[in-house]
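Next come the chains, spelled out residue by residue.
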Amino acid sequence: MNTAGHSPATPRRGLDLTPFRGLRYDPDRVGSLAAVTSPPYDVVVRPDGLHHLQSADPHNIVRLILPQAGTPTARNDQAADTLRRWLAEGVLTADPEPGLYVYEQRDGDGMLQRGLIGALRVSDPAEGVVLPHEDVMPHVVADRAALMRATSANLEPLLLTYRGNGSTAATTVVVERAAEQPPLLCTTTEDGFSHRLWAVTDPADLAGIREDLSQHQALIADGHHRWATYRRLRAEHPSPSAWDYGLVLLVDTARYPLRVRAIHRLLHGFPVADALSALDGLFRVRRLEGLRLPDALETLADAACAGNAFLLAGDGSFHLVDRPDPGLLARTVPADRPAAWRTLDATVLHAALLEHVWHIPEDDPTRIAYIHDTAATVAKAERDGGTAVLLHPVREDVVRELARQGVTMPRKSTSFGPKPASGLVLRALDL
């Protein structure tokens, strides 16, 4: 993401990434490091994925990031008790000195990503230092805030991107040099990604990184709700305090470009037949006979090149929905935004389809779910009698330009990755 250029406001200062004493699993006290990690909380496909992760190891990080109990208060209390117990038992231990952490992810297809995990000074969007590109759901922010208050910890890093100044920049030099050394930890998770982590504690290296990053701004690639949570919690605590900073992974995408994928919608209790019948005359609808999911997604990609297009699934078939009625768009899509925003698939989906055609509130978890895994979205729709709405990924340059203009995209519009695995390093705010 090229986020080093223009912004909604000229930054008063740039990124301020500071070292911290990381909490990490003691590998001698868990089955394996891979067995205690998890995808980020909002990527875990519930309940299947949650149960799978809980059974992988009694100390899996999902017991902290997605605690299970009868009420929200009980869930958060349970997470806090679990964290205290693991610290007392030595399952989680704090590194002896503060540092930044070089984090590497690699898969078998040649994907390589390296970045820095640290505590970043929390800022407001008007400062132009950390740029959001999506709206957030208030109930999710409230849920994450309650969990962080109860545990007094940042349990998983969010993902930020910036554009570095080339191979000689201080941050790049330190990251690449660290990756040549033996790592603190190395593990391969079941998704095929290998993960390595190194600590950077040398004062000269830390000073060089801090000076280098102070020239940059970043884009939130993944973790808008957690960043909004950091901002809320910072406002609740008198400054200066540990709540002035939040745990992030910062990736220079000039060196390590991210993948951009779509986030799909699952409409609960809304059969495909009902969804399609409501579209009569408003969209072109074509049933894709005999196509498997990969071929259906290719058809969606072709249609998305020409305009707004979606795939509906859940009844055993795929239905391509495209060519929206211009009158419908004129009535439903707000006209006071840039053309790049008005023509987003997510904009049309939320403004025209969800709100006006299907009458499904976008923030009601009993009516709609947001799922990253395409096959899982289809499978759940078919199993539960709902409708899967599959989207084509938005282009990276569109995200970047809208963020520069200070325009946020509809919530859950993009999925950047690879995302950092949760459970490799945590931040306790009282250390």
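Since we're looking at a predicted model, the values are computed, not measured. (Residues numbered from 1 in each chain as written. Predicted model: local features only at pLDDT ≥ 70, side-chain atom pairs only at ≥ 80, totals over all residues. Heavy atoms only, no water.)

(A) Summary view of the packing of aromatic side chains. Inspection of the entire model under this criterion finds five aromatic pairs. Each ring, one from F20 and one from Y101, has its centre 5.4 Å from the other, and the planes form 55 degrees; the classification is tilted. Placement of the pair is F20 in the loop between β1 (17-18) and β2 (22-25) and Y101 in strand β4 (residues 100-106), with a sequence separation of 81 residues. Side by side, F20 and Y101 carry an identical accessibility label, which is buried. When the ring of F283 is compared with that of F310, the centres are 6.5 Å apart and the planes differ by 65 degrees; the resulting orientation is edge-to-face. Here F283 is found in the loop between α9 (272-277) and β15 (284-288), whereas its partner F310 is found in strand β16 (residues 309-313), with 27 residues between them in sequence. In this pair, the class of F283 matches that of F310, namely buried. Cation over ring: R144 sits above Y41, and NZ or CZ is 4.0 Å from the ring centre. (Phe/Tyr/Trp six-rings, centres within 6.5 Å; stacked < 30°, edge-to-face > 60°. Helix = DSSP H or I, 4+ residues; strand = E, 2+ residues; numbered from the N terminus. Buried < 20%, exposed > 50% of the residue type's maximum accessible area, 1.4 Å probe, protein only. Lys NZ or Arg CZ within 6 Å of the ring centre and 35° of its normal.)

(B) The pattern of salt bridges, seen in detail. All told, the structure shown has 24 salt bridges when counted by the stated rule. The closest approach of N and O atoms between E127 and R121, which form a salt bridge, is 3.2 Å. Of the two residues, E127 and R121, both sit in the buried class. For R287, the salt bridge goes to E289, with nearest N and O atoms at 3.6 Å. What makes E289 exposed here is its relative accessible area of 60%. (Salt bridge = Lys/Arg side-chain N within 4 Å of Asp/Glu carboxyl O.)

(C) Representation of the environment of A346 within the structure. Tracing the backbone shows A346 in helix α13 (residues 345-357). With 58 residues separating them along the chain, A346 and R404 place their C-alpha atoms 19 Å apart. Excluding its chain neighbours within four sequence positions, the residues that come into contact with A346 are L391, P410 and S413. (Contact = heavy atoms within 4.5 Å.)

(D) Region of the structure containing helix α5 (residues 138-151). Here α5 contains 14 residues, and its C-alpha end-to-end distance of 20 Å stays within 8% of the 20 Å for a straight helix at 1.5 Å per residue. By the burial criterion, the buried members of α5 are V140, V141, R144, A145, L147, M148 and T151. The arc enclosing the buried residues of α5, seen along the axis, measures out at 165 degrees, which places them on a common side. The positive-phi residue at the C-terminal boundary of α5 is S152, with phi of around 50 degrees. (Expected span 1.5 Å × (residues − 1). Arc of directions from axis to C-beta.)

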